[in-house]
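# Working through the structure, step by step
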Amino acid sequence: MPETKPNETQPAKIPVTVLTGYLGAGKTTLLNRILSEPHGKKFAVVVNEFGEIGIDNDLVVGADEEVFEMNNGCICCTVRGDLIRIIDGLLRRKGDFDGIIVETTGLADPAPVAQTFFVDETVGAKTTLDAVVTVADAKWLKDRLKDAPEAKNQIAFADVILLNKTDLVSETELKDVEMRIRAINPFARIHRTHKSDIAIDKVLGQGAFDLDRIQALDPDFLEGGHKHFHDEDMKSVSFSTDKPLDPDKFFPWIQELTQTEGPNILRSKGILAFKDDPDRFVFQGVHMILDGDHQRPWRADEAKVSRIVFIGRQLGTMKLEQGFLACVA
Amino acid sequence: MAALSSTPSSITSKLRRLDLGSGVVGVRFLGTTAAFALGEGDVVLAGHEETRVDAHKGAILSLASDGKRLVTAGDDGRVVATRLDGSSETLFEQKGRWIDHVAVATDGAFAFSVGKSAHFQPVKGERKSLDLPSTVGGLAFAPKGTRLAIAHYGGATLWFPNAQAKPEVLEWKGSHRGILWHPEARFIVTTMQEAALHGWRLPDGAHMRMSGYPSRVRSMEFTPGGRYLATSGSTEVILWPFVAKEGPMGKQPTMLAPRDVRVSAVAAHPKDEVIACGYEDGMVLLARISDGAEILARAPAGGPVSALAWRADGGALAIGTEDGAGGLIVL
């Protein structure tokens, strides 16, 4: 696990927001909204199709979505080569903007974009992935989850989900689609929107990949929803124990697991209590890439519960749970 | 710093400091004047006086020189040539696109790339273009003649823009970024997205893998005659031997000027086997390959050294850093 200790003498890293969403969900509307609101901030924007953005901005860059594999033995370590180059170029103009927004095409898998920020040294040193924001069409998402694996990836990967075009569906339908989202990803913050209308601070500055900001991993699913809509393909599983873990058992297990099951595990997160360790250990991962660190001491009023979450495809719940519980000291 | 205490010589008193105001992308000598290309688009010509030229309306992404002009490519979609007298000329413009890379041939022809296309502009005649399978990572003209090496995903392409022949493709999996010819055109070397170099022997295309770096190699240069390839990326300068016909294959590299911080830029002296080594803490050392002797040229300060260049006669060294500090040393 790479060290990610913040260095006080270094200038703050530039936050990067990844904007995904299936075709026609309202991504560009959201992007235009972010760029046009009077928040006094300036963004560099990486887009795939020029001309969609109605705002005059000299920091709009066209990308080619060139995904390639790293030759590092990590079979799912795909990164966006074009993004590495673009960010290298943008960094020459640092000071000109406060954040970077990367818009992906409707059919894109968010993983290579996210992994780019962990795999490339320069990009990782100067920028930080803030959050994956997914815009979903309230009316059509249900169908897309059935026929479009890309749409499902985007939901599974999201830290923030805008359930958009709420005016086109009834309250019952809205609840239904929210429950379907929760079955896949119980942790993302869902916001109901109309014409992608949302306060910017609900989309930007989320710190979703910031280890310091992993506070709790309590699924926020609606009552009963988790059970009703069990997505056979993509789901999330979560296990916890109040017995302290043995780091010498846990690290080999999680490394092995992500090496072998990495392609199926889209996201993982954990808050762990190790034996004889006063600190909370937090980690988060994208496929095979794991990032973890001691976070802060456990508070006296806090239950020392270790909790771990996986979002992915074909997750063997029993085997995962047994593996996790076998790490108890 | 044990390496320094054994070799206390220092020429830091000869360092002329320049406040350039924005990160240095690269530097080249035009005669006796150092031309600094800056991240915010300016070119600063530092001779007896300093002249600032407003070359680009955005970042400079790449630069090259034939000794008379500094040719820069920018995210403003322009290729600009800046001359010693401070005049500048737009050589090419494509609005709304980034010009990612530029290279200059000895006869004054130049090449540049925009996304997946490479373009060649001869001194006289029409521009020629070549579409590559993926975005161009780097461009380099052969030491003699008009042959262009183009790095991209999956390998490199060798293109004779003046010939009808199909470009030759050198394959190797991965993302190739920087590209360099051996001075005798016996080898092509690329820097990769991974912390490694790849090379091909010409003309048979035999592979050379040069790995073991702790970080990506950003800077590399051949020593005079091409005996060694000096590279950044480690906490010492890594020198791969290229004297033998098979290049560095099966041989260990030589290490020079070891420290506890990484080398961020290298420049090979044009006449002697001396390497200027810039480090991530702003320090610059001159190191002699034969005995490892070191001379301190710039004490550690500020950001990483991002640019180094020797004057053509080897009598001066220009230094640039990521945080906009410049330096000139006349030896």
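These figures come from a predicted structure and were not determined experimentally.

For the rest of this paragraph, the subject is the overall build of chain B. When you go through chain B residue by residue, the secondary structure sums to one helix and 30 strands. Here chain B has a C-alpha radius of gyration of 19 Å; the compact-globule value for 331 residues is 20 Å, and the two agree. Each of the three principal axes of chain B carries a C-alpha extent, and together these read 60 × 50 × 30 Å. For chain B, buried positions account for 53% of its 331 residues.

The next point concerns the interface of chain A and chain B. Across the contact, 15 residues belong to chain A and 22 residues belong to chain B. Per-element accounting of the side of chain A that touches chain B gives the leading share, four residues, to helix H2 (residues 81-91) of chain A. In terms of residue class, the side of chain A that touches chain B is built from four nonpolar, four polar and seven charged.

This paragraph deals with the confidence of the model for chain A. Residues and elements named next belong to chain A. Per-chain confidence: chain A averages 86 in pLDDT, with 87% of residues scoring 70 or above. Strand E8 (residues 160-164) holds the highest mean pLDDT among the elements of chain A, 95, whereas helix H8 (residues 225-228) holds the lowest, 45. Across residues 1-9 the pLDDT falls below 50, and counting only partners more than four positions away or on other chains, this stretch makes nine contacts in the model. Every residue in residues 221-228 scores below 50 in pLDDT, and together they form 13 contacts with partners more than four places removed in sequence or on other chains.

Residues and elements named next belong to chain B. Strand order in the open sheet formed by six strands is E14-E15-E16-E17-E18-E19, with antiparallel pairing between adjacent strands. A single partner strand is all that each edge strand has here, and the edge strands are strand E14 (138-141) and strand E19 (207-211). Sheet twist, expressed as the average angle between the axes of neighbouring strands with direction ignored, equals 45°. In the sheet, strand E15 (residues 148-159) pairs with strand E16 (residues 168-181) via five bridges, with the strands oriented antiparallel. Counterpart to Leu158 in the pairing with E16 is Glu168.

The subject of this paragraph is the sheet that holds strand E24 (residues 263-268) of chain B. All names here are of chain B. If you trace the four strands from one edge of the open sheet to the other, you get E24-E25-E26-E27, paired in antiparallel fashion. Looking along the sheet, the strands with just one partner apiece sit at the ends: E24 and strand E27 (294-298). Each strand of the sheet is rotated relative to its neighbour by a mean of 25°, with strand direction disregarded. When E24 meets strand E25 (residues 274-279), the two strands line up antiparallel, connected through five bridges. Residue pairing across strands places Ala265 opposite Gly278, the latter belonging to E25.

Glancing now at the pairing of strand E30 (residues 325-330) of chain B. Residue and element names in this part refer to chain B. With five of its six residues buried, E30 lies for the most part within the structure. As paired strands, strand E29 (residues 316-321) and E30 are joined by five bridges and run antiparallel to one another. Within E30, the residue paired with Leu317 across the bridge is Ile329. A loop of three residues connects E29 with E30, the two strands running antiparallel in sequence, and Gly324 in this loop sits at a positive phi of about 90°.

It is worth spelling out the UniProt feature "domain: CobW C-terminal" (unreviewed entry) in chain A at this point. In the UniProt entry, the feature "domain: CobW C-terminal" (unreviewed entry) is given for residues 234-328 of chain A. The span residues 234-328 of chain A is 25% helix and 44% strand, and its two end C-alpha atoms sit 28 Å from each other.

Further remarks concern helix H7 (residues 171-184) of chain A. Look at H7(A): 20 Å from first C-alpha to last across 14 residues, which is about the 20 Å you get at 1.5 Å a residue. Taken together, the buried positions of H7(A) are Val177(A), Glu178(A), Ile181(A), Arg182(A), Ala183(A) and Ile184(A).

Further remarks concern the nonpolar core. Residues Phe36(B), Val102(B), Val237(B), Val266(B), Ile275(B), Ala276(B) and Cys277(B) are the most contacted members of the largest nonpolar core, which totals 196 residues. Inspection of this core shows a minimum of three residues originating in each of domain 1 (14-209 + 218-227) and domain 2 (234-325) of chain A. In contact with Val266(B), other than residues within four places in its own chain, are Ser219(B), Met220(B), Glu221(B), Ala230(B), Thr231(B), Ser232(B), Val237(B), Ile275(B), Ala276(B), Cys277(B) and Leu308(B).

To continue, consider the confidence of the model for chain B. In regions of low pLDDT, the predicted coordinates are not meant to be interpreted in detail. Residue and element names in this part refer to chain B. Put simply, chain B has an average pLDDT of 94, and 98% of its residues get 70 or more. Counted against residues more than four places away or in other chains, residues 1-7, with its pLDDT under 50, gives eight contacts. For this predicted complex, the interface score ipTM comes out at 0.84, while the overall pTM is 0.88.

We now examine the environment of Val45(A). All names here are of chain A. Here Val45 is to be found in strand E2 (residues 43-47). What makes Val45 buried here is the crowd of 21 C-beta atoms within 10 Å. The spatial distance from the C-alpha of Val45 to the C-alpha of Ile200 is 15 Å, given a sequence separation of 155 residues.

The subject of this paragraph is the pairing of strand E11 (residues 110-114) of chain B. Working note: regular strand, side chains alternate between the two faces of the sheet. Residues and elements named next belong to chain B. With five of five residues buried, E11 lies mostly within the body of the structure. Of the two faces of E11, the one carrying Phe110, Phe112 and Val114 and the one carrying Ala111 and Ser113 are both buried. Of the pairings in the sheet, the one linking strand E10 (residues 101-104) to E11 comprises four bridges and is antiparallel in character. Paired with Val102 across the two strands is Phe112, which belongs to E11. Where E11 folds back on strand E12 (residues 117-121), the antiparallel hairpin that results is connected by two residues, among which Gly115 adopts a positive phi of roughly 60°.

Conventions we followed
Residues numbered from 1 in each chain as written. Chains lettered and ligands numbered in written order. Predicted model: local features only at pLDDT ≥ 70, side-chain atom pairs only at ≥ 80, totals over all residues. Helix = DSSP H or I, 4+ residues; strand = E, 2+ residues; numbered from the N terminus. Rg over C-alpha atoms; globule rule 2.2 N^0.38 Å. Buried ≥ 20, exposed ≤ 12 C-beta atoms within 10 Å, placed from the backbone. Contact = placed C-beta atoms within 7 Å. Nonpolar A, V, L, I, M, F, W, Y, C, P; charged D, E, K, R; others polar. pLDDT = per-residue confidence, 0-100. Pairing = 2+ DSSP bridges. Axes fitted to C-alpha atoms, helices over the stretch in contact; angles between N-to-C directions. UniProt positions renumbered as here; feature names shortened; annotations may be inferred. Expected span 1.5 Å × (residues − 1). Core = buried A, V, L, I, M, F, W, Y, C linked by C-beta atoms within 7 Å. Domains from an automatic or database assignment.

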